[in-house]
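Commentary on secondary and tertiary structure
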Amino acid sequence: MISTRRTLLAALAAVGTLASLTACGGGSDDGSGSSDASGGTYTFWDPYPQFDASSPWGKLVSECGTKAGVTVKRTGYDTTDLGNKALLAAQQGNAPDVMLVDNPVVSTLVEAGILNKTSDLGLDTKSIQKNIIGAGTIDDASYDASYGVPIGANTLALYYNKKVLSAAGVDPAAIKDWKSLTAALQKVKAAGKKGITFSAINTEEGSFQFLPWFWGAGGDLTKLNSDKGVAALSLWKGWVDDGLAPKDVLQNTQTTSWQEFATGDYAFGENGTWQLGNADKAGFDYGVINIPAQNGGSAPVPTGGEFVTVPVQKDSARYDVSKKIVECLTNDTNLLATDTTLTYIAPTAAVQTKQVAANPKLEPWVSAVAAARGRTSGGLGSKYPTISQPMWTAVQSALSGGKSPADALDTAQSSAEKG
């Protein structure tokens, strides 16, 4: 049992942070997961320490507790810390009543026996987009097998600087595949500007950003070292070696990568939905296109975002109130407000329509999220972190010149198999 716990803790630690919204450290309150024995106080954990009690999010959580007839004691942790604390709290029998967790963490917590099924709680998830709810199910099962309700979703695309592309004679509409994208980067470099920036850091953020290219080549996460995986890593390495992407992608988080793009010197920046607000403040005209697959069309992109979950409690009578809190946080009105705050895409078509009506710039992101994949999908579940870490290590090794893409991915595959 001890070794299992250590494995799960290691897996949770490997999942890491995916977006700038959940990258901030620190927390609030004392972190205790214990609840008032009278049932008057319910505990709630989330990965948004940057939002205090006076923020729209903090107020919403409090209001949902009030509507359920209880006081909610909210604690914000960074993403990785939240997952680790959740596992330990459940082992100690003092898990929070409601918990918002990064979607790849769900399967790991389910394996540890920590989370309740939404169907057992009577939560209705049938209006949620199938690929979004899929990140919270095990073995891609039905809606009845979900273990949480998504608060929203985000994903990746390519932002582009219109002025830089125009000066280089590049039409973004002509970028359909890797060949045309690389040709565009070469034209930009020849015109005296910089090509593309992204995050290849040795954390989950690096894997998150590599996945569109890996999947866009037809790669399979159970076979990291296939020719398709090698093609994707070779693409990135070629860009770095040829000066089409900066060498500091090895240290770039998604935040620092965005800061590079925001200088106005780069043609493209691979980044997420959550940067739209910053894009509007960048001071130059920009556009967004889908990440191209190797041979044309849009590459599959990974689904980011969090799920509202209800951890297992010794006192099952508490679930009725927990259910009310979850339903309040995820009803259409509150989803619209929350996803607007987070710059997420809502998990339901009805709310997505309202979002696009209010902000037409979200339209390409709605399409991107509709085509996105859960990282734990395809039956990977809690195996994903043991694959992701070797993958980001391979990316680091290849881009730094330590190993060839093929050798780096051979090592990654061997490591993933040992799990």
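This one's a predicted model, so the numbers in the text were calculated from it and none came from an experiment.

**Focus on the environment of Tyr286**
By secondary structure assignment, the location of Tyr286 is in strand 8 (residues 286-289). It is 9.5 Å that separates the C-alpha atoms of Tyr286 and Ala267, two residues lying 19 residues apart in sequence. If we ignore the near neighbours within four places in the chain, the residues touching Tyr286 are Tyr159, Tyr160, Lys162, Leu276, Ala279, Asp280 and Lys361.

**A short note on helix 2 (residues 56-67)**
With twelve residues, helix 2 should cover 16 Å at 1.5 Å per step; its first-to-last C-alpha distance of 16 Å lies within 8% of that length. Looking at helix 2, one finds that the buried residues are Trp57, Gly58, Leu60, Val61, Cys64 and Gly65. Burial along helix 2 is one-sided: seen end-on, the buried residues are contained in an arc of 165 degrees. Facing away from the buried surface of helix 2 by more than 90 degrees, the exposed residues are Pro56, Thr66 and Lys67. On the buried face of helix 2, the contacting elements are strand 1 (41-46), strand 2 (71-76), strand 3 (98-102), helix 13 (319-329) and helix 14 (332-342). Once helix 2 finishes, Gly69 follows within two positions and takes phi at roughly 85 degrees, a positive value.

**Remarks on the sheet that holds strand 7 (residues 266-272)**
Spatially, four strands are ordered 6-7-5-8 in an open sheet, and the strand pairing comes out mixed. Here the strands that pair on one side only, and so sit at the sheet edges, are strand 6 (194-197) and strand 8. Shown here is a sheet whose adjacent strand axes are inclined to one another by a mean of 20 degrees, direction ignored. Note: strand 5 (residues 156-161) against strand 7, five bridges, orientation antiparallel. Bridged to Leu156 within strand 7 is Gly272. Packed on one face of the sheet, helix 8 (residues 178-190) meets strand 5, strand 6 and strand 7 and runs near 135 degrees to strand 6.

**Section: the pattern of salt bridges**
Applying the stated criterion to the full structure yields eight salt bridges. Here Lys323 makes a salt bridge to Glu327, at a shortest N to O gap of 4.0 Å. On the criterion of helical spacing, the pair formed by Lys323 and Glu327 is a turn pair, its members being four residues apart in helix 13. What makes Glu327 partly exposed here is its relative accessible area of 35%.

**Describing the state of the cysteines**
Per the counting criterion, the structure on display carries one disulfide. A sulfur-sulfur separation of 2.1 Å characterises the disulfide bridge that pairs Cys64 with Cys328. Handedness of the Cys64-Cys328 disulfide follows from its S-S torsion of about -75 degrees: it is left-handed. Of this pair, Cys64 sits in helix 2 while Cys328 sits in helix 13, and the two are 264 residues apart along the sequence.

The rules behind these values
- Residues numbered from 1 in each chain as written.
- Predicted model: local features only at pLDDT ≥ 70, side-chain atom pairs only at ≥ 80, totals over all residues.
- Heavy atoms only, no water.
- Helix = DSSP H or I, 4+ residues; strand = E, 2+ residues; numbered from the N terminus.
- Contact = heavy atoms within 4.5 Å.
- Expected span 1.5 Å × (residues − 1).
- Buried < 20%, exposed > 50% of the residue type's maximum accessible area, 1.4 Å probe, protein only.
- Arc of directions from axis to C-beta.
- Pairing = 2+ DSSP bridges.
- Axes fitted to C-alpha atoms, helices over the stretch in contact; angles between N-to-C directions.
- Salt bridge = Lys/Arg side-chain N within 4 Å of Asp/Glu carboxyl O.
- Disulfide = S-S within 2.5 Å.

The values reported here are purely geometric and, on their own, carry no functional implication.
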